[in-house]
Amino acid sequence: MRFDLDSSTRRRLGYHLIDQIDGFFTSLPDRPVQLPAKQRTFAALNNALPEVGEDADKVLDEVFREMVDKGFHVPSGNYFGLMNPTPTYIGVMAEALVAALNPQLATVKRSQLASKIEHETVRWIGERVGWPGEFNGTFTTGGNEANFSGLALALASKFPNAIEEGVASIGAQPVLYASDEAHHSIDKSAGLLGLGRKALRRIAVNENVQLDPRILEQTMDADLSSGKKPFCVVATTGTTNTGAVDDLVTIAEICRHYDLWMHVDGAYGGAAIFSNQHRGLLRGIEQADSVAIDPHKWMAMPLAAGVVLTCHPEMLERAFAVAAPYMPKAAESNGFDNSRISTQWTRRMNSLKLWLTLRVHGRKAYEKHIDRQLNLARSFASWIKASEHFELAAPQVLPIVAFRCKAPTLSPQQLAEAHANLVEEVTGDGQRWISETKVNGHSVLRMMVISYLTEERHLRDLGGALVEAATRIALAGTSGGR
């Protein structure tokens, strides 16, 4: 069988798959997130490598059925977990189009329109950031690469010789700063950039779970006194655990005073730039030197899509450009060659899904989406405040609610055990999903409104399940009756 298949086969398989995907999307508002606990299996597949092919209809039907019946469905309206959304259907269509056309974005001469679409999408995002002058950026695989790229830009800006000569040429230990609640990709990036993970100073958070500016300055002063070289502060807009947004204005003032690069990890919360109504949540983001945003979080894109942008566009080429004689040159020298401003060379067109969604739905659709999810989260936070079983563990800022059981007599370890048991109770039937995590070292329960399909009825069902589980656990003790 040829790889391209014949026209009738392509059409038959394609139409059948679209029908199946349509059925799946139709089921999502009420679909369970996963199988009940007793039916879940985690053993590896042990099929032998196929030597000859099987019937395409049979194989596709089988894999679709298995993935739907036995999968973990983050697109469900009942998913209150991490930052994985229900993708826009236009985004799904864009992914199919990209897979079929398979554009190569390394240089503009090899993908004129694809490169232009990507740069237009970057421009739309950068305009919403609000930088007054020039800016540029590139799509990435996600937040890890976007944050890595942002720190690479900071390193290139503050220690230009390090790109060619290595970090040893700096002559002292470069250090950077982020809150205790900042994403672990910052640790990874520090290690991968050769700085060492110990170069990252984790700064304690205040009562609002924000990076504490006073402790930040104290730590910087101590580092400077010991001969180290501070070069970057990472501020977060939307921490994974609580959705906290750091005080960007104050952090920007500190960065200017100490002459440091300010990178904003806006992987989740940075999407609020698309809302005129809620733009104030990100006050000061336009003072950042670089910003990371993940459209595959709050902007409901299919995985994977990240973006890094900077108002110092010359730093992109300083950090990433490498000469290669076999690559076609762009007709004009305007930064369109993505290979010169990105960690990647050959890569996927991750911008089309967002570009098409904005073309079809417009920015105002995101305005409504963001406002609606914030209102749903506020509603659930209000329910928590009025509950006899639970209390808020952190302020609700974005559509993430961190809460805990009201159990003043339990030790921290016992409370963590009770939370783990409660999560098992609530998620055991597979209908919905929440999680337990730690905020400032303490166990909390966490729910998040991330699907655009989630409605008040889903929150009522979750609340009922929480109360029922809390009652059972309280009656049976912290072992949860197990």
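Model, not experiment: these values are computed from the prediction.

## Comments concerning the overall build of the protein chain
Assigned secondary structure in the protein chain consists of 14 helices and 11 strands. Dimensions of the protein chain, computed from the C-alpha atoms along their principal axes, are close to 65 × 65 × 45 Å. Sequence separation of at least 24 residues holds for 73% of the intrachain contacts in the protein chain that already meet a minimum separation of 6. For the protein chain, the distance from the average position of its 50 positive side-chain charges to the average position of its 54 negative side-chain charges is 2 Å.

## Examining the nonpolar core
In terms of nonpolar packing, the biggest core is built from 50 residues, with I125 and M262 touching the most fellow members. With six residues, helix α9 (residues 248–258) is the single largest residue contributor to this core. Excluding residues within four positions of it along the chain, I125 makes contact with F139, I273, F274, I293, V307, L309 and L354. Counting 31 residues, the second largest nonpolar core, distinct from the first, contains A152, A178, I186 and L316.

## A word on the packing of helix α1 (residues 7–27) against helix α3 (residues 89–101)
Taken N-terminus to C-terminus, the directions of α1 and α3 make an angle of 155 degrees; their axes are 12 Å apart at the nearest point. Put simply, α1 runs roughly antiparallel to α3. Helix-helix and strand crossings are classified by hand; for α1 and α3 the assignment is right-handed. Note on element contacts: α3 touches α1 through Y89, V92 and M93, opposite I18, I21 and F25. For the contact of α1 with α3, a count of residues per class yields six nonpolar, no polar and no charged.

## Considerations on α9
Those residues of α9 lying buried are L248, V249, I251, A252, I254, C255 and Y258. If you follow the buried residues of α9, they end up packed against α8 (213–225), β4 (229–236) and β5 (261–265). D259 sits one or two positions beyond α9 and adopts a positive phi of about 60 degrees.

## Considering the sheet that holds β5
Strands sit in the order β1-β7-β6-β5-β4-β2-β3 across an open sheet of seven strands; the sheet is mixed. The outermost strands of the open sheet, each flanked by one partner alone, are β1 (136–140) and β3 (200–203). Across the sheet, the mean angle from the axis of one strand to that of its neighbour is 20 degrees, orientation sign disregarded. Across four bridges, the pairing between strand β2 (residues 174–179) and β3 is parallel. Each bridged residue has a counterpart across the sheet, and for S179 the counterpart in β3 is I203. Strand contacts of helix α5 (residues 143–158): β1, β2, β4, β5, β6 (290–293) and β7 (306–310), with the helix running at about 175 degrees to β5, the strand carrying the most contacts. On top of the sheet, α9 reaches β4 and β5; it is set at about 155 degrees to β5, its chief contact.

## Quick look at the pattern of salt bridges
A side chain of one charge can pair with a side chain of the opposite charge when the charged atoms of the two come close. Under the criterion given, the structure shown has 24 salt bridges. For K58, the salt bridge is made with E62, and the minimal N-O distance between the two is 3.8 Å. Of this pair, K58 and E62 both sit in helix α2 (residues 56–70), four residues apart, which is roughly one turn of that helix. Assessed through its relative accessible area of 38%, E62 is described here as partly exposed. Across the pair E317 and R340 runs a salt bridge whose closest N-O atoms are separated by 2.9 Å. Of this pair, E317 sits in helix α10 (residues 314–320) while R340 sits in the loop between α10 and α11 (352–361), and the two are 23 residues apart along the sequence. Here the salt bridges share partners, and the residues they tie into one network are D30, E455 and R457.

## Details of the confidence of the model for the protein chain
Per-chain confidence: the protein chain averages 93 in pLDDT, with 96% of residues scoring 70 or above. Scored below 50 in pLDDT, residues 475–482 makes 15 contacts in the model with residues more than four places away or belonging to other chains.

## Let's talk about empty space enclosed by the protein
Inspection of the entire model under this criterion finds one cavity of 30 Å³ or more. By volume, the largest cavity amounts to about 30 Å³. Taken together, L13, H16, L17, Q20, D57, L60 and D61 make up the lining of the largest cavity. Those elements that place two or more of their residues in the lining of the largest cavity are α1 and α2. Looking at the lining of the largest cavity, the element that brings in the most residues is α1, giving four residues. A breakdown of the residues in the lining of the largest cavity according to their chemical character gives three nonpolar, two polar and two charged.

## Focus: the environment of A156
Positionally, A156 belongs in helix α5. Each C-alpha atom, one on A156 and one on A319, is 5.6 Å from the other, the two residues being 163 residues apart in sequence. In this structure A156 touches I163, M315, R318 and A319, once residues within four positions along its chain are discounted.

## Structural notes on the pairing of β5
Here β5 lies mainly inside the structure; five of its five residues are buried. Here β5 shows two buried faces, one formed by W261, H263 and D265 and the other by M262 and V264. As paired elements, β4 and β5 share five bridges and run parallel to each other. Pairing of C232 across the sheet is with W261, part of β5. Of the pairings in the sheet, the one linking β5 to β6 comprises three bridges and is parallel in character. Looking across to β6, one finds that D265 is bridged to A292.

What counts, and at which threshold
- Residues numbered from 1 in each chain as written.
- Predicted model: local features only at pLDDT ≥ 70, side-chain atom pairs only at ≥ 80, totals over all residues.
- Heavy atoms only, no water.
- Helix = DSSP H or I, 4+ residues; strand = E, 2+ residues; numbered from the N terminus.
- Contact = heavy atoms within 4.5 Å.
- Lys, Arg positive; Asp, Glu negative; His and termini not counted.
- Charge placed at Lys NZ, Arg CZ, Asp CG, Glu CD.
- Core = buried A, V, L, I, M, F, W, Y, C linked by side-chain atoms within 4.5 Å.
- Buried < 20%, exposed > 50% of the residue type's maximum accessible area, 1.4 Å probe, protein only.
- Axes fitted to C-alpha atoms, helices over the stretch in contact; angles between N-to-C directions.
- Parallel < 35°, antiparallel > 145°, perpendicular 65-115°, else oblique.
- Left-handed = near helix turned anticlockwise from the far one by under 90°.
- Nonpolar A, V, L, I, M, F, W, Y, C, P; charged D, E, K, R; others polar.
- Pairing = 2+ DSSP bridges.
- Salt bridge = Lys/Arg side-chain N within 4 Å of Asp/Glu carboxyl O.
- pLDDT = per-residue confidence, 0-100.
- 1 Å grid on protein atoms, 1.4 Å probe; cavity = no way out; pocket = protein on both sides within 12 Å on 5 of 7 lines; lining within 4 Å.
- Points joined across faces, edges and corners; volume = space filled by probe spheres on them.

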